[in-house]
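Descriptive analysis of the structure
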Amino acid sequence: GQQVMQIPQYQHVQEGEDFTTYCNSSTTLSNIQWYKQRPGGHPVFLIQLVKSGEVKKQKRLTFQFGEAKKNSSLHITATQTTDVGTYFCAGRPSNDYKLSFGAGTTVTVRA
Amino acid sequence: AAGVIQSPRHLIKEKRETATLKCYPIPRHDTVYWYQQGPGQDPQFLISFYEKMQSDKGSIPDRFSAQQFSDYHSELNMSSLELGDSALYFCASSSEPLTGLAGGYTGELFFGEGSRLTVL
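First things first, this report covers the structure right here in the doc. (Residues numbered from 1 in each chain as written. Chains lettered and ligands numbered in written order. Predicted model: local features only at pLDDT ≥ 70, side-chain atom pairs only at ≥ 80, totals over all residues. Heavy atoms only, no water.)

**Remarks on the overall build of chain B**
Note the cut-off: Where helices and strands are cited, they refer to DSSP runs of H or I of at least four residues and of E of at least two residues respectively, numbered from the N terminus. Note that the radius of gyration is over C-alpha atoms, with the globule rule given as 2.2 Å times the number of residues to the power 0.38. Burial classes follow relative accessibility: with a 1.4 Å probe on protein chains only, a residue under 20% of its type's maximum area counts as buried, one over 50% as exposed, and anything between as partly exposed. The contact criterion used throughout is that any non-hydrogen atoms of two residues lie within 4.5 Å. Per-residue accessibility takes into account occlusion by the displayed protein chains alone, with areas from the Shrake-Rupley method and a 1.4 Å probe. His residues and chain termini do not enter the charge count, which takes Lys and Arg as positive and Asp and Glu as negative. Lys charges are placed at NZ, Arg charges at CZ, Asp charges at CG and Glu charges at CD.
Counting its regular elements, chain B contains 0 helices and 11 strands. By the compact-globule yardstick of 14 Å for 120 residues, chain B fits well, its C-alpha radius of gyration being 14 Å. Dimensions of chain B, computed from C-alpha atoms along their principal axes, come out at roughly 45 × 25 × 25 Å. Considering chain B as a whole, with its 120 residues, one finds that 47% of them fall into the buried category. In chain B, the proportion of contacts linking residues at least 24 apart, taken out of those at least 6 apart, comes to 55%. Split by element, the accessible area of chain B, about 5800 Å² in all, is 51% carbon and sulfur. In chain B, 10 side chains carry a positive charge and 14 a negative one; their mean positions are 7 Å apart.

Pasting the structure below:
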């Protein structure tokens, strides 16, 4: 079964608003990666988090790794039409080398 | 910069036929992954290779096989195709040893543009 759960599955956002997508694992992760897949495209790496409680920012995107290294979040502020796509988290369990992808959050933006 | 190259980009097959997908990783990347992505779904891990040896196996059907060659390119062979095999197949490559890099970081995956397989 899926080791990494991601919610919500869909996010419809008004342009200019903020939103957050959450990623939860049943096991402790050694690291978590985030990818973005534009419609019709392929997943593209955004960032990797390794440390407990780590927070990283990329312009309007804020990524956080939970203290227990079992959850992560991606917060986007002032959403733009260029943010449309599916955001995947992908975690590597501490006891496994395999990268497990979450189901993704598909974001649509209303102008 | 060189990216991951996948071929063919599109493939149409009949049920029970066979298909072969090819992947050329980024130069000097030692790990190749194959993922299957159904419509509206997340990428499902199939199999990976590190230095031409199978390193991990996911939800790959027994009808599928894969290998990595001496030039590091990889091929995914699919036989007795079923309608449910219709999907986008991604190959990704990374540069990372099996034990991971120092500090818990592991290589990021660089995905190819995918091969879309349609089984009729």
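Once the structure has been displayed, the description carries forward.
**Points about the nonpolar core**
Rules: Among buried residues, those of type Ala, Val, Leu, Ile, Met, Phe, Trp, Tyr and Cys that are joined through side-chain atoms within 4.5 Å constitute a nonpolar core.
Of all hydrophobic cores here, the largest spans 22 residues; its most connected members are Trp34, Leu76, Met78, Tyr89 and Leu117 of chain B. Within the residue set of this core, elements represented by two or more residues are β3 (19-24), β4 (31-37), β5 (44-50), β7 (64-68), β8 (74-78), β9 (87-94) and β11 (115-119) of chain B. In contact with Tyr89 of chain B, not counting residues within four places along its chain, are Gln6, Leu21, Tyr35, Gln36, Leu46, Phe64, Leu76, Met78, Gly114, Ser115 and Leu117 of chain B. Of all hydrophobic cores here, the second largest spans 19 residues; its members include Cys23, Ile32, Leu74 and Val107 of chain A.

**Notes on the sheet that holds strand β7 (residues 61-65) of chain A**
Residue and element names in this part refer to chain A. Keep this limit in mind: Here, strands pair whenever DSSP counts at least two bridges between them. For helices, the fitted axis covers only the stretch in contact; all axes are lines through C-alpha atoms, and the angles between them, taken along N-to-C directions, range from 0 to 180 degrees.
Taken in spatial order, the 5 strands of this open sheet run β1-β3-β8-β7-β6, and their pairing is antiparallel. For this open sheet the edge positions go to β1 (4-7) and β6 (55-58), each flanked by a neighbour on one side alone. Taken over all neighbouring pairs, the strand axes of this sheet differ in orientation by 15 degrees on average, direction set aside. As judged from the 4 bridges shared by β1 and strand β3 (residues 19-25), these two strands associate in the antiparallel manner.

**Re the packing of aromatic side chains**
Keep this limit in mind: Under the pairing criterion, centres of Phe, Tyr and Trp rings, with the six-membered ring standing for Trp, must be within 6.5 Å; the plane angle then separates stacked pairs below 30 degrees from edge-to-face pairs above 60, leaving the rest tilted.
By the definition in use, this model includes 12 aromatic pairs over all chains. Here a set of aromatic residues connected by ring pairs shows up, and it is made of Tyr35, Phe45, Phe88 and Phe101 of chain A together with Tyr33, Tyr35, Phe45, Phe90 and Phe111 of chain B.

**Details of the environment of Asp30 of chain B**
Residue and element names in this part refer to chain B. Test applied: Here a polar contact is recorded for every N or O atom pair within 3.5 Å, except that within protein the pair must consist of a potential hydrogen donor and a potential acceptor, and residues adjacent in sequence are included only if both atoms are side-chain atoms.
You can see Asp30 is positioned in the loop between β3 and β4. Counting along the chain gives 19 residues from Asp30 to Phe49, while the straight-line C-alpha distance between them is 8.0 Å. Setting aside residues no more than four positions away along its own chain, Asp30 makes contact with Phe49, Tyr50, Glu51, Gln68, Tyr72, Ser94, Ser95 and Glu96. Within polar-contact distance, the side chain of Asp30 engages the side chain of Thr31 at 2.9 Å.

**Details of the pattern of salt bridges**
All names here are of chain B. Selection rule: Take a side-chain nitrogen of Lys or Arg and a carboxyl oxygen of Asp or Glu: if they are within 4 Å of each other, that pair is a salt bridge.
If you walk through the whole model with that rule in mind, you get 6 salt bridges over all chains. In this structure, the salt-bridge partner of Lys22 is Glu75, at a minimum N-O distance of 4.0 Å. Within this pair, whereas Lys22 is found in strand β3, its partner Glu75 is found in strand β8, the two being separated by 53 residues in sequence. Here Glu75 falls in the buried class, since its relative accessible area comes to 14%. By sharing partners, the salt bridges in this structure join Arg63, Glu82 and Asp85 into a single network.

**Things to note about the side chain of Thr79 of chain A**
Residues and elements named next belong to chain A. Residue placement: Thr79 occurs in the loop between β8 (71-76) and β9 (85-93). A distance of 2.6 Å separates a polar side-chain atom of Thr79 from the backbone oxygen of Glu17. Other than its neighbours up to four places away in sequence, Thr79 contacts Val13, Gln14, Glu15, Gly16, Glu17, Asp18, Phe19, Arg60 and Val109.

**Thoughts on the pairing of β7 of chain B**
All names here are of chain B. Across the two faces of β7 the burial differs, with Phe64, Ala66 and Gln68 buried and Ser65 and Gln67 not buried at all. Bridge count between β7 and β8: 5 bridges; the pairing is antiparallel. When the bridges of β8 are listed, Phe64 appears paired with Met78.

**Remarks on the interface of chain A and chain B**
It is common to give the size of an interface as the accessible area that goes away when the parts come together. Here is the rule: When two components associate, each loses some accessible surface as probed by a 1.4 Å sphere; the sum of these losses over both components is called the buried area. Amino acid classes used here: Ala, Val, Leu, Ile, Met, Phe, Trp, Tyr, Cys and Pro are nonpolar; Asp, Glu, Lys and Arg are charged; the rest, including Gly, are polar.
Listed as interface residues are 23 residues of chain A and, on the opposing side, 24 residues of chain B. Together, the buried faces of chain A and chain B total about 1800 Å²; carbon and sulfur atoms form 53% of this surface. The interface formed by chain A and chain B includes 3 residue pairs in polar contact (both at pLDDT 80 or more). Of all the secondary structure elements, the ones that give two or more residues to the side of chain A that touches chain B are β4 (29-37), β5 (44-49) and β9 of chain A. Broken down by element, the residue count for the side of chain A that touches chain B peaks at 5 residues, all from β4 of chain A. Looking at the side of chain A that touches chain B residue by residue, the classes come out as 9 nonpolar, 9 polar and 5 charged.

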